[in-house]
Amino acid sequence: MTSYPMTRLRRTRSTAWSRAMHREVRVTPADLIWPLFVTEGEGVEDPILSLPGVSRWSVDGIVARAKEAVALGIPCLALFPNTQPERRSEDGKEALNPDNLMCRAIRAIKDACGDDIGVLTDVALDPYTSHGQDGLIDGEGYVLNDATVEVLVGQSLNQAAAGADIIAPSDMMDGRVGAIREALEDGCHVNVQIMSYAAKYASAFYGPFRDAVGSRGLLKGNKKTYQMDPGNAEEALREVEMDLAEGADSVMVKPGLPYLDIAVRVKEAFGVPVFAYQVSGEYAMIEAAVAAGAADRDAMVLETLLAFKRAGCSGVLTYHAAHAARLMGA
């Protein structure tokens, strides 16, 4: 490289057209996955206080959001159910009900939109258990790995039969990706993808999400025996390697911005599609900064999404998806 003044790095930044022409990374609506919360009823929009601007929607409202996503160029929705307390149980058996809230929402989206949009479904038991843990527990409250995997396989087949396009196990049980992949193959769901929550950390950023699915007040103990320790990076690579070997088509890092280093390392190590989840606490912090007059929402949303792409992510799950897509289309 020549030295200054023969080389002036500011030269290509001097005009908007030149900055656009030299930009290395871009974000488009096709990079976004929109997480949505489903609730019972009809014509229901139930705002979530800890997630300003985000609501739980009844199935008809979810269908309307799906049509909105198609119009905005967002390729995929991620669904999470708010299960009624009376349908929760110690064993989370509602997850296996072919007419549960999740399955009804999947079918309604597919009936309305067909293959114009993908449906990603969460596989874990915390929306269905009365104790708020992601799996079955023993008498001491410890989450049982192998017994939980058996239920997760049934849950996955239930969702695939309803029309789910991507199964996304978020439970962090060992061996669940291989068991789910084998069951999908045996069940003739060969084109159903698995996006594994491969590096999901025991994070302080999940609080508003637990409000949204109704599990915060139910959770007994914590999830540190199965979600990853925030201090570990090498372990994340082992988790990813195992999930890929078991049949995952893509992997996820969760949370997002506090773990961009993990996303970079996963992408560099494996060269596979890596997604990041800009989780509820991250969204809430942006909205709090905006409410305090400390930040511009549009600029922060676009800049954080750009950071994920720059880190090597193929896409981002974000509650700002619809807002961001509108900004990109403006």
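The structure under discussion appears in the preceding block.
Predicted, not measured: the structure shown is a model, and the values here were computed from it.

Calculation rules
- Residues numbered from 1 in each chain as written.
- Predicted model: local features only at pLDDT ≥ 70, side-chain atom pairs only at ≥ 80, totals over all residues.
- Heavy atoms only, no water.
- Helix = DSSP H or I, 4+ residues; strand = E, 2+ residues; numbered from the N terminus.
- Buried < 20%, exposed > 50% of the residue type's maximum accessible area, 1.4 Å probe, protein only.
- Contact = heavy atoms within 4.5 Å.
- Lys, Arg positive; Asp, Glu negative; His and termini not counted.
- Charge placed at Lys NZ, Arg CZ, Asp CG, Glu CD.
- Phe/Tyr/Trp six-rings, centres within 6.5 Å; stacked < 30°, edge-to-face > 60°.
- 1 Å grid on protein atoms, 1.4 Å probe; cavity = no way out; pocket = protein on both sides within 12 Å on 5 of 7 lines; lining within 4 Å.
- Points joined across faces, edges and corners; volume = space filled by probe spheres on them.
- Nonpolar A, V, L, I, M, F, W, Y, C, P; charged D, E, K, R; others polar.
- Polar contact = N/O pair within 3.5 Å; in protein donor to acceptor, adjacent residues only side chain to side chain.
- Axes fitted to C-alpha atoms, helices over the stretch in contact; angles between N-to-C directions.
- Parallel < 35°, antiparallel > 145°, perpendicular 65-115°, else oblique.
- Left-handed = near helix turned anticlockwise from the far one by under 90°.
- Pairing = 2+ DSSP bridges.
- Patch = residues over 30% accessible without salt bridge, like charges linked within 9 Å, V, L, I, M, F, W, Y side chains within 5 Å.
- Areas by Shrake-Rupley, 256 points an atom, 1.4 Å probe, with all protein chains shown as cover.
- Salt bridge = Lys/Arg side-chain N within 4 Å of Asp/Glu carboxyl O.

## Thoughts on the overall build of the protein
Helices and strands together make up the secondary structure of the protein, namely eleven helices and ten strands. By principal-axis analysis of the C-alpha atoms, the protein measures approximately 70 × 45 × 40 Å. The buried share of the protein, taken over its 330 residues, is 52%. Partitioning the intrachain contacts of the protein with sequence separation of at least 6 by distance along the chain shows that 74% fall at a separation of at least 24. Distance from the positive charge centre (32 side chains) to the negative charge centre (45 side chains) of the protein: 10 Å.

## Description of the environment of glycine 312
Relative to the helices and strands, glycine 312 resides in the loop between α10 (297–310) and β10 (315–318). Along the chain, glycine 312 and valine 272 lie 40 residues apart, while their C-alpha atoms are 9.8 Å from each other.

## Quick notes on the packing of aromatic side chains
Ring pairs (aromatic) are described by centroid distance and by the angle formed between their planes. In total, this model carries eight aromatic pairs according to the counting rule given. Seen from their ring centres, phenylalanine 80 and tyrosine 277 are 6.3 Å apart, and the 45° between their planes marks the pair as tilted. With phenylalanine 80 in strand β4 (residues 76–81) and tyrosine 277 in strand β9 (residues 274–278), this pair connects stretches of sequence that are 197 residues apart. Owing to a relative accessible area of 1%, phenylalanine 80 belongs among the buried residues under this scheme. With relative accessibility at 0%, the residue tyrosine 277 sits in the buried group.

## Let's talk about empty space enclosed by the protein
Evaluation of the coordinates by the stated rule reveals three cavities of 30 Å³ or more. Contributing to the lining of the largest cavity are 17 residues, with Asp126, Lys200, Tyr206, Phe209 and Lys254 lying nearest its centre. Elements that contribute at least two residues to the lining of the largest cavity include exactly β7 (193–200) and α6 (207–213). Volume-wise, the second largest cavity comes out at about 50 Å³. Around the second largest cavity, the lining residues are Glu40, Pro81, Asn82, Thr83, Gln84, Arg87, Glu94, Asn100, Leu101, Met102 and Tyr128. The class makeup of the residues in the lining of the second largest cavity is four nonpolar, four polar and three charged.

## Topic: the side chain of aspartate 31
Position of aspartate 31 among the secondary structure elements: in the loop between α1 (16–22) and β1 (32–38). Among the polar contacts made by the side chain of aspartate 31, one reaches the side chain of lysine 309 at a distance of 3.1 Å. Ignoring any residue separated from it by four or fewer positions in sequence, one finds aspartate 31 in contact with Arg26, Lys309, Ser314, Gly315 and Val316.

## A closer look at the packing of helix α4 (residues 145–162) against helix α5 (residues 176–186)
Where α4 contacts α5, the axes come no closer than 9 Å and their chain directions differ by 40°. Taken as axis vectors, α4 and α5 run oblique relative to one another. Crossing handedness for the pair α4 and α5: right-handed. In this structure, α4 contributes Val149, Leu152, Val153, Ser156, Leu157 and Ala160 to the contact, and α5 contributes Arg176, Ala179, Ile180, Ala183 and Leu184. Residues belonging to the contact of α4 with α5 are distributed by class as follows: nine nonpolar, one polar and one charged.

## Some words on the pairing of strand β8 (residues 250–254)
Of all five residues in β8, five are buried, a share of seventy percent or more. Every second residue of β8 is oriented toward a common face, with Ser250, Met252 and Lys254 on one face and Val251 and Val253 on the other, all of them buried. Where β7 lies against β8, four bridges are found, and the strand directions are parallel. Each bridged residue has a counterpart across the sheet, and for serine 196 the counterpart in β8 is valine 251. Alignment of β8 against β9, held across three bridges, turns out to be parallel.

## Comments concerning a positive patch on the surface
Positive charge collects at one region of the surface, where Arg8, Arg10, Arg11 and Arg13 lie side by side. You can see arginine 11 is positioned in the segment before α1.

## Brief notes about the environment of leucine 72
Within the element layout of this structure, leucine 72 appears in helix α2 (residues 59–72). Sequence spacing of leucine 72 and leucine 305 is 233 residues, and the spatial spacing of their C-alpha atoms is 16 Å. Contacts of leucine 72, omitting those with residues within four sequence positions, involve Pro29, Ala322, Ala325 and Arg326.

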